[in-house]
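Examining the three-dimensional arrangement
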Amino acid sequence: MRPAHEGLIGFSFDEADEGAVVSILFEAGLESRRHRRRKGRFTVQIYEKYKEVLGQKLHDRGISFTTYPVGLLPFVKRTARRHAAFCVGCLLGVLLLCGSRAFIWEVRFVGTVPTDRDALLCGLEEAGLSEGMSVFGFDGDAIAASFLQRHEEISWITVRRTGVVAEVELRPRTGSPITAVPEDGNGYVNLVSDCDAVITEITVRQGRAAVKVGDTVRAGELLISGLMDTYDGVRGVTADGEVYGMMERTFEVFVPESETVTERTDGRLCGFSFSLFGLQIGRLPADAEVQTRRLYLFDRFRLPITVSTAYRYTEEQVEVHYTAGENARLAHGRLSDELRYFLREGELLEKEVTGAFEEGGYRIRCRIVFIGKIAKPLAFYMENQ
């Protein structure tokens, strides 16, 4: 089938001559394919074999006209001349879209990440993975190997690329690995108790258990020994494992009737920058507080653009006075914050809280019984090793 525009030619007139042109077409029996009015002009398309006939009749009537070719390519050329800025913008948009596929837009963690995400991102950047890097230099196996060499707390990691997203999945090392050994040993470590407790659970991965569930231990007492009996005698190892114990602690918080606190004024904008594919544009003052925001398209699609703003705050010392009710509420709130931090890795079994007003303020005391990790490393020295 031939295209609809094949063999056609367009005639353009002043809109005022529309009636005369339509009459000429009707009288001459010329078939037209399309009429259009736009910006004071009237256009019509006819078969190219009637070009001379229509042109002569228009000349005889004294009607001025111009002709133009009909087709996709001529249409594109005319549109480009009339809307150059729009066409250039579309072309740049296409080039930007195609070029952006050559960069990593986002580093995304898959699954649960129990550690600090910012610290992990910094570690991945040191290993060679960062937002804005070229996909042509992406090597997931090399990045994972380099990361594991720098982070002993991670036992396994995989890095893979899905389009413009780098997906990272990792698994932290279980237990409490020994990260530092005192210099007075020769690489052998015992695990000892760091407080008085009753043993509730013990797991030995390396070494020999020196206690059992239900035993009461004192601070410094041996839990897992780094000495092991072998067929050729006793040898030293780095003891590794987890020991949980039931402990008791007492906390105390005092809130005075009046105290001096530090208040911050509203921030003053002092810097602005944005990052495109990891390329930082603009500088931020080193002594300012920076707020970074990631941009999204339609609140769904994450863009490789972050905007950072820097603010400076001023602080002043202000003396505040509390009522009796405010004293008590503040004391309970501060105690709750302290307990929440202290028990972040423990299990609370029992809590007893007492509070009373004293001269000059409110004092609250709290006794807790909880279960938590109690093992800490202690290096030892062996001769003839």
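For the structure, check the block above.
This report concerns the structure included in the present document. These numbers were taken from a predicted model, which means no experiment stands behind them.

So, the overall build of the protein chain
When its secondary structure is counted, the protein chain shows seven helices and 24 strands. Here the protein chain holds 385 residues, and the buried ones make up 31% of them. Of all intrachain contacts in the protein chain linking residues separated by at least 6 positions in sequence, the fraction that spans at least 24 positions is 65%. Taken as a whole, the protein chain presents about 24,700 Å² of accessible surface, with 52% of it coming from carbon and sulfur.

Brief notes about the pairing of strand E12 (residues 222–225)
In terms of strand pairing, strand E8 (residues 188–193) meets E12 through two bridges, oriented antiparallel. For Val192, the partnering residue across the bridge sits in E12 and is Leu222. Across two bridges, the pairing between strand E10 (residues 208–209) and E12 is antiparallel. Looking across to E12, one finds that Arg208 is bridged to Ser225.

Thoughts on the packing of helix H1 (residues 18–28) against helix H2 (residues 51–61)
At a closest axis distance of 11 Å, the pairing of H1 and H2 adopts a crossing angle of 130°. The angle between H1 and H2 falls in the class oblique. Note that H1 runs across H2; the crossing there is right-handed. Contacts between H1 and H2 involve Ala20, Val21, Ile24, Leu25, Glu27 and Ala28 from the first element and Leu54, Lys57, Leu58 and Arg61 from the second.

What about the side chain of Arg363?
Tracing the backbone shows Arg363 in strand E23 (residues 361–373). Residue Arg363 is classed as buried on the basis of its relative accessible area, which comes to 19%. Of the polar contacts made by the side chain of Arg363, one reaches the side chain of Glu252; its length is 2.8 Å. One polar contact links Arg363 to Glu358, side chain to side chain, over a distance of 3.0 Å. Here Arg363 is in contact with Glu252, Val253, Phe254, Thr354, Gly355, Ala356 and Glu358, once residues within four sequence places are set aside.

Thoughts on the pairing of strand E15 (residues 240–256)
As defined by bridge partners, strand E9 (residues 197–206) adjoins E15 across seven bridges and the pair is classed as antiparallel. Within E15, the position partnered with Glu201 by the bridge is Tyr244. Here E15 pairs with E23 via 13 bridges, running antiparallel. Bridge pairing links Gly245 to Gly372 in E23.

Parameters at a glance
- Residues numbered from 1 in each chain as written.
- Predicted model: local features only at pLDDT ≥ 70, side-chain atom pairs only at ≥ 80, totals over all residues.
- Heavy atoms only, no water.
- Helix = DSSP H or I, 4+ residues; strand = E, 2+ residues; numbered from the N terminus.
- Buried < 20%, exposed > 50% of the residue type's maximum accessible area, 1.4 Å probe, protein only.
- Contact = heavy atoms within 4.5 Å.
- Areas by Shrake-Rupley, 256 points an atom, 1.4 Å probe, with all protein chains shown as cover.
- Pairing = 2+ DSSP bridges.
- Axes fitted to C-alpha atoms, helices over the stretch in contact; angles between N-to-C directions.
- Parallel < 35°, antiparallel > 145°, perpendicular 65-115°, else oblique.
- Left-handed = near helix turned anticlockwise from the far one by under 90°.
- Polar contact = N/O pair within 3.5 Å; in protein donor to acceptor, adjacent residues only side chain to side chain.

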